[in-house]
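Each chain, letter by letter, is given below.
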Amino acid sequence: MYIADLRNNVIHDMSRPSYECHIHDIPKDKMKKIYTLDTIKRMIDSDHTPRFHGCQYCMPDYYYFDMNKIF
């Protein structure tokens, strides 16, 4: 199962949670449960609005970092 944080559009993998994810700090009304990886891939797709990305700690394969933000 996966959890989508609707505040900052981050998806967490509940089978590999990490302390840095701070899943327990997500309010219940800003949390969405997702059950399949296919749904995750569609949400991460660039055409989806709003754009989601994977957590850098528990889903590093789906993490997206915009290098233009640091310049």
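Quick summary incoming for the structure in this document.

Topic: the pattern of salt bridges
Here's step 1: Summed over all chains, the structure comprises two salt bridges.
Here's step 2: Put simply, R7 and D5 hold a salt bridge, and the shortest N to O gap is 3.2 Å.
Here's step 3: Residue classification places D5 among the buried residues on the basis of a relative accessible area of 3%.
Here's step 4: D13 is the salt-bridge partner of R16, the closest N and O atoms lying 3.5 Å from each other.
Here's step 5: Judged by relative accessible area, which is 46%, R16 ranks as partly exposed.
Here's step 6: With relative accessibility at 8%, the residue D13 sits in the buried group.

Topic: the packing of aromatic side chains
Geometrically, a pair of aromatic rings is defined through the distance of the ring centres and the angle of the planes.
Here's step 1: Scanning the entire structure with this criterion turns up zero aromatic pairs.
Here's step 2: Over the ring of Y64 we find R51, and its NZ or CZ is 4.4 Å from the ring centre.

So, the sheet that holds strand β4 (residues 53-54)
Here's step 1: On the basis of which strands lie adjacent, the open sheet formed by four strands has the order β3-β1-β2-β4 and mixed pairing. In this open sheet, the two edge strands, each paired with only one partner strand, are β3 (31-34) and β4.
Here's step 2: Pairing between strand β1 (residues 2-5) and β3: four bridges, direction antiparallel. Within β3, the position partnered with I3 by the bridge is K33.

Points about the side chain of N9
Here's step 1: With respect to the element layout, N9 can be found in the loop between β1 and β2 (10-13).
Here's step 2: Looking at N9, the relative accessible area reads 18%, which means it is buried.
Here's step 3: N9 has contacts with P50, R51, F52 and H53, leaving out every residue within four places of it along the chain.

Rules of the game
Residues numbered from 1 in each chain as written. Predicted model: local features only at pLDDT ≥ 70, side-chain atom pairs only at ≥ 80, totals over all residues. Heavy atoms only, no water. Salt bridge = Lys/Arg side-chain N within 4 Å of Asp/Glu carboxyl O. Buried < 20%, exposed > 50% of the residue type's maximum accessible area, 1.4 Å probe, protein only. Phe/Tyr/Trp six-rings, centres within 6.5 Å; stacked < 30°, edge-to-face > 60°. Lys NZ or Arg CZ within 6 Å of the ring centre and 35° of its normal. Pairing = 2+ DSSP bridges. Helix = DSSP H or I, 4+ residues; strand = E, 2+ residues; numbered from the N terminus. Contact = heavy atoms within 4.5 Å.

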